[in-house]
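As a plain string of letters, each chain reads:
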Amino acid sequence: MNEQKKGITLGISAYVLWGIIPLYWKLLSEVESLAILCYRIFWSFLFMGLYILVTRRGKIFLNETKVILNDRKKTLGIITAAILISINWFTFIYSVGQGRVTEASLGYYMNPLVNVLFGTVILKEKLNRAGITACLLALTGVILLTVQTGVIPYASLIMAFSFSFYGLIKKQINVSSYSGLALETLVILPIALIYLLFFSEQGFMNYGVSTTILLMGAGIVTAIPLLLFAEAAKRISYIIIGFIQYINPTIMLLFAVFLFREPYTMAQLAAFSFIWLGIVVFAYSTMLLYKKEHSLMEK
């Protein structure tokens, strides 16, 4: 399997997992949103530490940490990435907890458009006619959805831009996925612990057995898709990553409508149809381009 195929496979796996995560946070309805975020950070750090020890990558982790600490730009990048992903996590957890999964899915529908913007403007990646058409179709759908709500979707915008900036930073920092995630959670860990120990309404891990197990599992369900995403970002263009991401909000939207029974109108369906058509156009053009490049390589 070549690097691009591997990257696409890893990316799809990450976004499928992210798509079903709302089901997990729904099980933690008795825990306040900010506490869930802090436990997510705490257990993610412990999980990554265990992962590094079990896979015997401790030496690599320490060497990469030294390199980052000796490079001001990389240090700032890790700190910024940690802040951005924390903002994204909290906004998402809060939206799901408030029964606004549809709004959360809109944020992740916006996200690929921001990825394409960053990919073309910042990374200077080329976007062909089919890609431009796909972006315009998706943008039309997002605008229609925004107009239908009657208010500026602040939560959706925060999720879209925070994760796009996070992905851009991850793509530019030359560090292994496990070291990057371990350091990101380490940066925010002191703040998370202070909140859990001194400000949390229910105290530290003062829950029933089932809730405690779910909170511990938050580290696993957080780390695995992020590791997959980080590896995918190294292998494929940021534009392709953007469109693969539509898997995530589509799964979330289906859950919102059919499982959580959130309101969904024909006008919303029409708006989402533009987004789905954009995905089809981009996927088809990407497939044709890949086949053309593959045939040229064989010659």
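Residues numbered from 1 in each chain as written. Predicted model: local features only at pLDDT ≥ 70, side-chain atom pairs only at ≥ 80, totals over all residues. Heavy atoms only, no water.

A. Summary view of the overall build of the protein chain. Along its length, the protein chain carries 12 helices and 0 strands. Listing every helix and strand of the protein chain by position from the N terminus yields α-α-α-α-α-α-α-α-α-α-α-α. By principal-axis analysis of the C-alpha atoms, the protein chain measures approximately 55 × 50 × 30 Å. A total of 299 residues make up the protein chain; the buried ones form 49% of that total. Long-range contacts, defined here as pairs at least 24 residues apart, represent 87% of the contacts in the protein chain between residues at least 6 apart. If you sum the accessible surface of the protein chain, you get close to 14,900 Å²; carbon and sulfur atoms cover 70% of it. Of the side-chain charges in the protein chain, 23 are positive and 13 negative, and the distance between the mean point of each set is 9 Å. (Helix = DSSP H or I, 4+ residues; strand = E, 2+ residues; numbered from the N terminus. Buried < 20%, exposed > 50% of the residue type's maximum accessible area, 1.4 Å probe, protein only. Contact = heavy atoms within 4.5 Å. Areas by Shrake-Rupley, 256 points an atom, 1.4 Å probe, with all protein chains shown as cover. Lys, Arg positive; Asp, Glu negative; His and termini not counted. Charge placed at Lys NZ, Arg CZ, Asp CG, Glu CD.)

B. Structural context of the packing of helix 4 (residues 72-97) against helix 7 (residues 154-172). Helix 7 packs onto helix 4 with a crossing angle of 150° between their chain directions and a minimal axis gap of 9 Å. With respect to helix 7, the element helix 4 is oriented roughly antiparallel. Pair helix 4 / helix 7 crosses with left-handed handedness. Across the interface between the two elements, Gly77, Thr80, Ala81, Leu84, Ile85, Ile87, Asn88, Thr91, Phe92 and Ser95 from helix 4 touch Ala155, Ile158, Met159, Ser162, Phe163, Phe165, Tyr166 and Ile169 from helix 7. Considered class by class, the residues forming the contact of helix 4 with helix 7 number 12 nonpolar, 6 polar and no charged. (Axes fitted to C-alpha atoms, helices over the stretch in contact; angles between N-to-C directions. Parallel < 35°, antiparallel > 145°, perpendicular 65-115°, else oblique. Left-handed = near helix turned anticlockwise from the far one by under 90°. Nonpolar A, V, L, I, M, F, W, Y, C, P; charged D, E, K, R; others polar.)

C. Up close: the side chain of Thr91. Looking at the element boundaries, Thr91 is found in helix 4. Filtering out sequence-adjacent residues up to four positions away, Thr91 remains in contact with Ala155, Ile158 and Met159.

D. Examining the nonpolar core more closely. If you look at the biggest cluster of nonpolar residues, it comprises 85 residues, and the most contacted ones within it are Trp18, Trp25, Leu28, Tyr39, Phe92, Tyr166 and Phe229. Beyond its immediate chain neighbours, meaning those up to four positions away, Tyr39 contacts Ser44, Leu196, Gly203, Phe204, Met205, Tyr207 and Leu215. (Core = buried A, V, L, I, M, F, W, Y, C linked by side-chain atoms within 4.5 Å.)

E. Geometry of helix 1 (residues 3-26). End to end, helix 1 covers 36 Å across 24 residues, agreeing with the expected 34 Å (1.5 Å per residue, within 8%). At Ile20, helix 1 is deflected by roughly 35°, the largest bend along its length, and proline Pro22 occurs up to four residues later in sequence. Listed as buried for helix 1 are Gly7, Leu10, Gly11, Ala14, Tyr15, Trp18, Gly19, Ile21, Pro22, Tyr24 and Trp25. (Expected span 1.5 Å × (residues − 1). Bend = angle between axes of the 7 residues up to and from the residue.)

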